[in-house]
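# Structural overview
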Amino acid sequence: AQRVTQPEKLLSVFKGAPVELKCNYSYSGSPELFWYVQYSRQRLQLLLRHISRESIKGFTADLNKGETSFHLKKPFAQEEDSAMYYCALIPATDSWGKFQFGAGTQVVVTP
Amino acid sequence: GAVVSQHPSWVICKSGTSVKIECRSLDFQATTMFWYRQFPKQSLMLMATSNEGSKATYEQGVEKDKFLINHASLTLSTLTVTSAHPEDSSFYICSASYLRGTEAFFGQGTRLTVV
């Protein structure tokens, strides 16, 4: 079965410190990986998609197929990064938009 | 960016009654929409795929007679929770994308409380 694992429920970091959110997945094919963010009282919004290889709001994520990981990183956390972050997967052969979400990691950035 | 809107944002209903939640794509047509459920402090769980003009497909363990989905137009999918019970209380979220391979947009969610 497909599975997305985010081992950290909560990450508390100081402003300016690096932050890394871990995500591991299990899937036998070649899935598409995403990071979604949910700010307080707002809807889910796309942060990163592995095939785009972009840096959004200073965040980057590298897909490591050997380790089946898609960790999210930012070198210098900002207070506005405080939010819930979800790693998600779409199986390549399945319907587009049919996400499998990880449990989520709450990031709290303190001044 | 494109917008997906849900209505209502929150609803309280009595046990045994039915409640309808709407999901609209405001500026694009979506042949497929998805319904998720989120319990407090938990992740989103896919419930079903809503297909325009045909029957919805439900994930394993989701009661299709309990959660009726209708996708009558390219911009509207509805989720009806029938004979609601307190355990159906949850946050229901829909999503849609314009085309395969393009960004999926999520609704703001609907908080259902069954009393």
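Residues numbered from 1 in each chain as written. Chains lettered and ligands numbered in written order. Predicted model: local features only at pLDDT ≥ 70, side-chain atom pairs only at ≥ 80, totals over all residues. Heavy atoms only, no water.

### Focus: the overall build of chain A
The secondary structure content of chain A amounts to zero helices and eleven strands. Reading the helices (α) and strands (β) of chain A from amino to carboxyl end gives β-β-β-β-β-β-β-β-β-β-β. Taken over C-alpha atoms, the radius of gyration comes to 13 Å for chain A, in line with the 13 Å a tight globule of 111 residues would show. Overall, the C-alpha framework of chain A stretches about 45 × 30 × 25 Å when taken along its three principal axes. Per-residue burial for chain A yields a buried fraction of 46% across its 111 residues. The long-range share in chain A, meaning contacts at least 24 apart out of those at least 6 apart in sequence, stands at 58%. For chain A, the exposed area adds up to about 5,700 Å²; of that, 49% sits on carbon and sulfur atoms. Across chain A, the centroid of the 13 positively charged side chains sits 5 Å from that of the 10 negatively charged ones. (Helix = DSSP H or I, 4+ residues; strand = E, 2+ residues; numbered from the N terminus. Rg over C-alpha atoms; globule rule 2.2 N^0.38 Å. Buried < 20%, exposed > 50% of the residue type's maximum accessible area, 1.4 Å probe, protein only. Contact = heavy atoms within 4.5 Å. Areas by Shrake-Rupley, 256 points an atom, 1.4 Å probe, with all protein chains shown as cover. Lys, Arg positive; Asp, Glu negative; His and termini not counted. Charge placed at Lys NZ, Arg CZ, Asp CG, Glu CD.)

### A few points about the overall build of chain B
Regarding its fold elements, chain B presents zero helices and eleven strands. Shown N-terminal to C-terminal, the secondary structure of chain B runs as helices and strands in the order β-β-β-β-β-β-β-β-β-β-β. Over its C-alpha atoms chain B spans a radius of gyration of 13 Å, differing by no more than 12% from the 13 Å that the globule rule assigns to 115 residues. In terms of principal-axis extent, the alpha carbons of chain B reach across some 40 × 25 × 20 Å. Within the span of chain B, comprising 115 residues, buried residues form 48% of the whole. Intrachain contacts of chain B at a sequence separation of at least 6 include 54% that bridge at least 24 residues. Total accessible area on chain B stands at roughly 5,800 Å², and carbon and sulfur atoms take up 54% of it. Chain B carries 10 positive and 9 negative side-chain charges, and their two centres are separated by 4 Å.

### Comments concerning the environment of Ser43(B)
The topology assignment puts Ser43(B) in the loop between strand 4 (32–38) and strand 5 (44–51). With a relative accessible area of 11%, Ser43(B) lands in the buried category. With 39 residues separating them in the primary sequence, Ser43(B) and Val4(B) have C-alpha atoms 20 Å apart. If near-sequence neighbours (up to four positions away) are discounted, Ser43(B) is found in contact with Tyr86(A), Phe101(A), Gly102(A), Ala103(A), Arg37(B) and Gln38(B). Among the polar contacts made by the side chain of Ser43(B), one reaches the main-chain carbonyl oxygen of Gly102(A) at a distance of 2.4 Å. (Polar contact = N/O pair within 3.5 Å; in protein donor to acceptor, adjacent residues only side chain to side chain.)

### Section: the pattern of salt bridges
Residue and element names in this part refer to chain B. This structure, assessed with the given rule, holds six salt bridges over all chains. Here Lys66 and Asp88 are joined by a salt bridge, their closest N and O atoms 2.7 Å apart. Highlighted residues: Lys66 in the loop between strand 6 (57–58) and strand 7 (67–73) and Asp88 in the loop between strand 8 (76–81) and strand 9 (90–97), separated in sequence by 22 residues. Asp88 gets classed as buried once you look at its relative accessible area, which sits at 5%. (Salt bridge = Lys/Arg side-chain N within 4 Å of Asp/Glu carboxyl O.)

### Focus on the layout of surface pockets
Approximately 800 Å³ is the volume found for the largest pocket. Lining the largest pocket we find 27 residues, and of these Gln38(A), Met84(A), Tyr86(A), Gln38(B) and Lys41(B) sit closest to its centre. At three residues, the largest contribution of residues to the lining of the largest pocket is made by strand 9 (residues 83–90) of chain A. Split into classes, the residues belonging to the lining of the largest pocket amount to ten nonpolar, twelve polar and five charged. What lines the second largest pocket is a set of eleven residues, among which Gln2(A), Gln100(A), Phe101(A), Leu44(B) and Met45(B) lie closest to the centre. Counting only elements with at least two residues in the lining of the second largest pocket, the list comes to strand 1 (3–5) and strand 10 (100–101) of chain A together with strand 5 of chain B. Of the residues forming the lining of the second largest pocket, the biggest block, three residues, is contributed by strand 5 of chain B. (1 Å grid on protein atoms, 1.4 Å probe; cavity = no way out; pocket = protein on both sides within 12 Å on 5 of 7 lines; lining within 4 Å. Points joined across faces, edges and corners; volume = space filled by probe spheres on them. Nonpolar A, V, L, I, M, F, W, Y, C, P; charged D, E, K, R; others polar.)

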